[in-house]
Amino acid sequence: MSEFLQHLINMLVLGGTYALLGIGLTLIFGIMNVVNFTHGVLYTFGAYIMFIVVQQLGLNFFLALPVAVLAGWLLGAAIELTLLRPLRGSDIDTTMLVMIGAWIAMQSGTLWIWGGVAKSVTTPFPEAPLVLGPVSVSWLRLFVLAAAAMLILVTYLLINKTSLGRAMRATFQDHDTASLMGVNVDMIYTSTFAIGSSLAAAAGALLGPVYVIFPQMGDLAAVKAFAIVILGGLGNITGAVIGGFILALAEELGAGYVSSGYRDAMGFLIIIAVLIFKPTGLFARAERVG
Amino acid sequence: MTRTLGLVPAIVLATALFGGAAGAQTIKIGVNEPLTGAFAASGTYVVNGARIAADEINAKGGILGKKIELVIEDNKSNPTEAAAVAEKLITSDKVPVLMGAWGSSLTLAVMPKLMEYETPMVVETSSSGKITTTGNPFIFRISPPSAVEAAAFKGIVDKLALKKVDFLVINNDWGRGTAEDFSKMMKDKGITIGLVETMDQGAQDMSAQLSKIKSSDSETVIVTTAVDQLTLIFKQAAALGLKKRIITTGGSQNPDQIIAQAGAAANGTMHLTTFLPWFPDKTPNPEATNYFITEWKKRGFEFAGCTESFRGYDGIRTAAAAIEKAGKAEPAAIKAALWNINIKGLNGDIVFRKSGPEGKESGQSQPNVYLIEINDGKVEMKTI
């Protein structure tokens, strides 16, 4: 029983960050319809910003987090302005190829600047874990969960309750009509991509100190983010959050009770099942076709 | 303008010719190591150790009157890349001998290429038994196979009063091979084998595996993986309140890095290692060990890397000794000469003995294996 409880705690902590990765990508992949291969690199980028600010500049850990989010926002905006804006209206394959190129170039860039050896970030949290009866959890991970929950809530409110969010939803539903209604469509494209990117950077900034930081760390994270988005239904923020927790649960229980060798396969078995039985994702709203 | 353009190919040609001529003045040794990916830290340490050996040899005038030149390539911790890198080093750089490829799965992927091009390779780190038992006569290994590690560990098993043991190993030839060899030895000793958990080489979160191990009734966990994943395991085990004795194998632990990154969580852990940089006087070759450690520090590398980098140092010295003995930098001659070398490595004499099926034996040297314990953030040697 205590083992099961421990798995549940692990799932909560892991699921929070998966959810954060998922909502960032669902904005870009689900709403903007850009197959964003740079999502993993932005995750890596956020983690390296933490490394620079905390380890190299010696500044405060909590100050580094907003810096990483802001840096992710700026890099995302730059990618949108330089790569995606000239390609708007071109087919999805072209955009995809350009994004793959950007992914490889940026990953090689991190390798060139920081080298292949993993870096770690010191945190202000105590080493001794919080012990609650039979289960225990590190303070750092609790903080990560809380920060992720806060970011998810802010994103949800931004999309659903603000005029910017309304303009975003309108733009991606019908770009021409939104434009006719006075929405600055160009600005909406850039800010949506930038917000999605800053969420990826935030996930990297939060998880980098939990694990270690290296140039390829984003690859597996990006694959998982795509899985979560597909699981939750494209463009569905609530779906991405629940999808993140489902993936974490599948990994924890799969590794705990089936076989740890197939831990990373568990999530993808679920994706295959979802694609076969409910291809629009678990939480997609019914849509009118035609 | 036309004349200027015409000059460019001429300059390129001249550079190529000159470069080619300069190339013939050196003897090349191919180095196939993981410099990126899951084993980047370890591979980089090995390459830095290899550079110290090459510089030392060159400072003394090189071999056969020529300087040695390391051609270093990154196998990206990926077996497919490791095989491609070996092919590139042999066919394009024309190296007569290689050193590599750190991981067992990486080395196993390179082995068919060695057969194809009949080029020998000094294996400096890999510990899967399969490497020297499948009949590849181009393999010369200076690191201990996991069965040798298990045999060395056998002596201390009674003292530690082991009763039931779980395993947490990296999911590749190295980890699974270690679990197999250690299980066999322990079963002979009457120790019960509990869980055998695995983790992918790039995995960063081992909490699920560790939670499972935490709930088992074993008192000891044997962990096999490289330093990056080990530090994560120590941190995550501490976060889960896992209170079992942890023993690591494989010699890629870099204990000082574990002390630095895992802090108090490292106390009481034991590690099977193949080098004793903390106690140079207790190594088989104190003079060379002191030289190596001084040189390592002089270059500004972290002391923690010594336990891995010495493999690169010994590996290059082994290859160089064979080239010298062969009298020429040709693969067949070097392969024959490797059987006849006897050099003082930092971890014992490097002399190759035959291993594997008759007629196509691989070479296996017999290095020492040590058990160390971390106490109060310090490394102590245990007698095996």
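Here, the structure is the one placed above.
So, a few notes on the structure that sits alongside this text. Because the structure is a prediction, the values reported are computed rather than measured. (Residues numbered from 1 in each chain as written. Chains lettered and ligands numbered in written order. Predicted model: local features only at pLDDT ≥ 70, side-chain atom pairs only at ≥ 80, totals over all residues.)

**Overview of the overall build of chain A**
Link 1 in the chain: Assigned secondary structure in chain A consists of 11 helices and 2 strands.
Link 2 in the chain: Taking 2.2 N^0.38 as the reference for a compact globule, 290 residues should give roughly 19 Å; the C-alpha atoms of chain A span a radius of gyration of 19 Å, in line with that estimate.
Link 3 in the chain: Projected onto the principal axes, the alpha-carbon positions of chain A cover approximately 60 × 45 × 35 Å.
Link 4 in the chain: A buried classification covers 52% of the 290 residues belonging to chain A.
Link 5 in the chain: Put simply, 77% of the contacts in chain A that link residues at least 6 apart link residues at least 24 apart. (Helix = DSSP H or I, 4+ residues; strand = E, 2+ residues; numbered from the N terminus. Rg over C-alpha atoms; globule rule 2.2 N^0.38 Å. Buried ≥ 20, exposed ≤ 12 C-beta atoms within 10 Å, placed from the backbone. Contact = placed C-beta atoms within 7 Å.)

**Examining the sheet that holds strand E4 (residues 121–123) of chain B**
All names here are of chain B.
Link 1 in the chain: An order of E2-E1-E3-E4-E5-E14-E13 is seen for the 7 strands of this open sheet, with the pairing classed as mixed. With partners counted over all chains shown, the strands left at the sheet margins are strand E2 (67–74) and strand E13 (353–355), one partner each. Each neighbouring strand pair of the sheet contributes to a mean axis angle of 25 degrees, computed without reference to strand direction.
Link 2 in the chain: In the sheet, strand E3 (residues 98–100) pairs with E4 via 3 bridges, with the strands oriented parallel. Across the sheet, residue Met99 finds its bridge partner in E4, namely Val122.
Link 3 in the chain: Where helix H2 (residues 40–59) meets the sheet, its contacts fall on strand E1 (26–33), E2 and E3, and the angle it forms with E2 comes to roughly 170 degrees. (Pairing = 2+ DSSP bridges. Axes fitted to C-alpha atoms, helices over the stretch in contact; angles between N-to-C directions.)

**Things to note about the sheet that holds strand E15 (residues 370–375) of chain B**
Residues and elements named next belong to chain B.
Link 1 in the chain: The strand order E7-E6-E8-E9-E10-E15-E16 describes an open sheet built from 7 strands, whose pairing is mixed. With partners counted over all chains shown, the strands left at the sheet margins are strand E7 (192–199) and strand E16 (378–382), one partner each. Across the sheet, the mean angle from the axis of one strand to that of its neighbour is 25 degrees, orientation sign disregarded.
Link 2 in the chain: Where E15 lies against E16, 5 bridges are found, and the strand directions are antiparallel. Looking across to E16, one finds that Asn375 is bridged to Lys378.
Link 3 in the chain: Where helix H7 (residues 173–188) meets the sheet, it contacts strand E6 (164–170), E7, strand E8 (220–224) and strand E9 (245–249), and its direction lies at approximately 165 degrees from that of E6.

**Brief notes about the pairing of E6(B)**
Link 1 in the chain: Of all 7 residues in E6(B), 6 are buried; the element is thus mostly enclosed.
Link 2 in the chain: Crossover handedness for the path E6(B) to H7(B) to E7(B): right-handed. (Right-handed = clockwise from strand over helix to strand, strands pointing away.)

**A closer look at the pairing of E7(B)**
Link 1 in the chain: Pairing of E6(B) with E7(B), which is carried by 6 bridges, proceeds in the parallel orientation. Its bridge partner being in E7(B), B:Phe167 is matched across the sheet by B:Val196.

**Digging into H2(B)**
In an α-helix, one turn spans 3.6 residues, which is why side chains three or four residues apart end up on the same side.
All names here are of chain B.
Link 1 in the chain: For H2, built from 20 residues, the straight-helix expectation of 28 Å at 1.5 Å per residue is met to within 8% by its first-to-last C-alpha distance of 28 Å.
Link 2 in the chain: Counting buried residues along H2, 14 of its 20 residues qualify, which places the element largely inside the surrounding structure.
Link 3 in the chain: A positive backbone phi angle near 105 degrees is found at Gly61, which sits one or two residues after H2. (Expected span 1.5 Å × (residues − 1).)

**What to know about the packing of helix H9 (residues 227–239) of chain B against helix H10 (residues 255–262) of chain B**
Residues and elements named next belong to chain B.
Link 1 in the chain: Running from N to C, H9 and H10 cross one another at 35 degrees; their axes reach a closest spacing of 10 Å. Along this stretch, H9 crosses H10, giving a crossing that reads as right-handed. The segment H9 lies against H10, with Val227, Leu230, Thr231, Phe234, Lys235 and Ala238 engaging Gln257, Ile258, Gln261 and Ala262.
Link 2 in the chain: Partitioned by chemical class, the residues of the contact of H9 with H10 number 6 nonpolar, 3 polar and 1 charged. (Left-handed = near helix turned anticlockwise from the far one by under 90°. Nonpolar A, V, L, I, M, F, W, Y, C, P; charged D, E, K, R; others polar.)

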